[in-house]
There are 2 protein chains.
Amino acid sequence: MKLSKTADYSLRILSFMAKKPDELHTAKELVDKLNISDKYLRRLMTKLSKSGFIKSVQGREGGYRFTKPTEQIFVSQIIDAVDGLDKYMGCILGFGACSDDNPCALHKKWALVRTDIMNLFKTTSIAEMAQKDVQKI
Amino acid sequence: MKLSKTADYSLRILSFMAKKPDELHTAKELVDKLNISDKYLRRLMTKLSKSGFIKSVQGREGGYRFTKPTEQIFVSQIIDAVDGLDKYMGCILGFGACSDDNPCALHKKWALVRTDIMNLFKTTSIAEMAQKDVQKI
DNA sequence: AACAAATACTACTTGCAAGTATTATTTAAT
DNA sequence: ATTAAATAATACTTGCAAGTAGTATTTGTT
Ligand code: SF4
Ligand code: SF4
């Protein structure tokens, strides 16, 4: 019941950036603050840039900055961009899709919980995330 | 938001066996019915035997059989035995444990959902699972 | 005793996410 | 122009879950 590390990293990175949403953030800064492997983070930043949440400024004095208000970026969109939401939406038993017609004993309750999770992702913005620290314990 | 394949297989196997809870079931039968890789299933059966849900009968005419009423075996116990429940209980962002003191924006809602999931696992018995098919789509 | 049919054990292989290393490109400052 | 500091791209390595192979052991049937 966890997100992939990639999705996890993405949320932590963007949440951190969202504390100062208009500033330019360098990869170095993010690596230092968030304890994420340097090279992996950089690759991820490129991916997030291509997904449109942030844009990169190349060259000296470069970095990354949001392309739109952080109130308009939702957790669900980020997870979808890096992992695909489908990865988290399927049957709890790893099947293709839940069938409401011939459900197992877990199906109905699981479907409810799953809906809750999705709503949680869809209604939580990065701006909201940024209000509280997301620090590695 | 999925269980590991190992946990998934375990649930499917025991659910299937629980349809005829007093019979002896061979690995061959389970492989044929459940489309699970032969060798992997056999290894898993040994593990489940050691966990005490079933016991093996070796030799010709051997197989596996429940050690106690399937009403007394719960999904949570099975997941715990093969994966460890902790694997599914932690922070959604992959941290060590959720801190109620300094929570991020997801924490509270996530903790609620997580409790729901755990209750689902803890209150669903294998007997209950067996009432409905758990078939690979 | 020999055989057949089942489980048990140990080691190897594969696939994928995560992590690492290297080199190329971009651009501000000098 | 040169340099320095940043991002971009590509390929390689590691770690772990899942899958596979082969051999050993157990036990009922003949
Ligand atoms: S009925 Fe059960 S096994 Fe089938 S898709 Fe739904 S949760 Fe999965
Ligand atoms: S507060 Fe958020 S990041 Fe921290 S443990 Fe809870 S869910 Fe995870």
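Scoring rules and cut-offs
- Here the residue numbers are simple positions, counted from 1 along each chain's written sequence.
- Here chains are named by letter from A upward and ligands by number from 1 upward, in the order in which they appear as written.
- Side-chain atom pairs in this predicted model are given and counted only at pLDDT of 80 or more, local residue features only at pLDDT of at least 70, and totals for whole chains, interfaces and linings cover all residues.
- As a rule here, side-chain values cover all heavy atoms of the structure and leave hydrogens and water aside.
- For this description, a residue counts as near a given molecule or strand if any of its non-hydrogen atoms is within 4 Å of it.
- Whenever a nitrogen or oxygen atom comes within 3.5 Å of another N or O atom, the pair is scored as a polar contact, on the condition that within protein one atom can donate a hydrogen and the other can accept it, and that pairs from neighbouring residues in sequence are kept only if both atoms are in side chains.
- Under the scheme used here, helices are H or I runs from DSSP no shorter than 4 residues and strands are E runs no shorter than 2 residues, and both carry numbers assigned from the N terminus.
- DSSP calls a pair of strands paired once it identifies at least 2 bridges connecting them.
- Residue polarity is assigned by list, with Asp, Glu, Lys and Arg as charged and Ala, Val, Leu, Ile, Met, Phe, Trp, Tyr, Cys and Pro as nonpolar; anything else, Gly included, falls into the polar class.
- We call two residues in contact whenever any of their non-hydrogen atoms come within 4.5 Å of each other.
- By definition, the buried area sums, over both parts, the 1.4 Å-probe accessible area that each loses when the two are put together.
- Here, a salt bridge means any Lys or Arg side-chain nitrogen found within 4 Å of an Asp or Glu carboxyl oxygen.
- Relative accessibility thresholds used throughout: buried, under 20% of the residue-type maximum; exposed, over 50%; partly exposed, between the two (1.4 Å probe, protein chains only).
- The term nonpolar core refers to a set of buried residues drawn from Ala, Val, Leu, Ile, Met, Phe, Trp, Tyr and Cys, joined through side-chain atoms within 4.5 Å.
- Each pair of aromatic rings taken from Phe, Tyr and Trp, with Trp reduced to its six-membered ring, is defined by centres within 6.5 Å and is described as stacked if the planes are under 30 degrees apart, edge-to-face if over 60, and tilted in the remaining cases.
- Throughout, the arc means the angular range of directions from the helix axis out to the C-beta atoms.

Around DNA strand C sit 25 residues in total, of which Lys5, Thr6 and Lys39 of chain A together with Ala27 and Gln58 of chain B are the nearest. Protein-proximal atoms of DNA strand C, defined as those within 4 Å of the protein, fall in sugar or phosphate at a share of 68%. Tyrosine 64 of chain B places a side-chain nitrogen or oxygen 3.0 Å from a phosphate oxygen of DNA strand C. Breaking the surface near DNA strand C down by element, the ones donating at least two residues are helix H1 (5-17) and helix H3 (38-51) of chain A together with helix H3 (38-51), strand E1 (54-57) and strand E2 (63-66) of chain B.

Residues and elements named next belong to chain B. Bridging between E1 and E2 involves four bridges; their strand directions are antiparallel. By the bridge assignment for E2, lysine 55 is matched with arginine 65. The loop that links E1 with its antiparallel partner E2 comprises five residues; one of these, glycine 59, has a positive phi angle of about 75°.

Time to look at the protein's contact with DNA strand D. In the vicinity of DNA strand D, 25 residues are found, and the nearest of them are Ala27, Ser56 and Gln58 of chain A together with Lys5 and Thr6 of chain B. Between a phosphate oxygen of DNA strand D and a side-chain N or O atom of lysine 50 of chain A, the distance comes to 3.3 Å. Contact between DNA strand D and glycine 59 of chain B: a base oxygen at 3.3 Å from a main-chain N or O atom of the residue. For the surface near DNA strand D, the secondary-structure elements that each account for two or more residues are H3, strand E1 (54-57) and strand E2 (63-66) of chain A together with helix H1 (5-17) and H3 of chain B. Taken together, the residues of the surface near DNA strand D break down into five nonpolar, eleven polar and nine charged.

In this section: the interface of chain A and chain B. Chain A puts 36 residues into the contact, and the matching count from chain B is 36 residues. Summing the contributions of chain A and of chain B, the shared interface buries around 3,800 Å²; its carbon and sulfur component is 70%. Where chain A meets chain B, there are zero salt bridges. Counting across the interface, chain A meets chain B through two residue pairs in polar contact (both at pLDDT 80 or more). For the side of chain A that touches chain B, the secondary structure elements donating two or more residues are H1, helix H5 (86-89), helix H6 (107-123) and helix H7 (126-130) of chain A. Top element by residues in the side of chain A that touches chain B is H6 of chain A. It accounts for eight residues.

Here the focus is the environment of lysine 39 of chain A. Residue and element names in this part refer to chain A. Following the sequence through the fold, lysine 39 ends up in helix H3. Judged by relative accessible area, lysine 39 falls into the exposed class, the value being 65%. Once the C-alpha coordinates of lysine 39 and glycine 63 are considered, the two residues, 24 residues apart in sequence, prove to be 15 Å apart.

Ranked by internal contacts, the top residues of the largest apolar core, which has 89 residues, are Met1, Leu3 and Ile13 of chain A together with Met1, Leu3 and Ile13 of chain B. Not counting the four nearest positions on each side in its chain, leucine 3 of chain B is found in contact with Met1, Ile92 and Leu93 of chain A together with Asp8, Leu11, Ile79, Tyr88 and Phe121 of chain B.

All names here are of chain A. Per the counting criterion, the structure on display carries two aromatic pairs over all chains. Relative to tyrosine 40, the ring of tyrosine 9 lies with its centre 5.9 Å away and its plane at 80°, an arrangement referred to as edge-to-face. Separated by 31 residues along the polypeptide, tyrosine 9 in helix H1 and tyrosine 40 in helix H3 bring together distant segments of the chain.

Our next topic: helix H2 (residues 27-34) of chain B. All names here are of chain B. Within H2, burial applies to Ala27, Leu30, Val31 and Leu34. Along H2, the residues classed as buried sweep out an arc of 100° about the axis, all on the same side. The exposed residues of H2 that point more than 90 degrees off its buried face are Lys28 and Lys33. Lining the buried residues of H2 we find H1, H3 and E2. Looking at the residues trailing H2, positive phi occurs at asparagine 35, about 55°.

So, on to the environment of alanine 111 of chain A. All names here are of chain A. One can find alanine 111 in helix H6. Owing to a relative accessible area of 16%, alanine 111 belongs among the buried residues under this scheme. For the pair alanine 111 and glycine 90, spaced 21 residues apart in sequence, the C-alpha to C-alpha distance is 9.3 Å.

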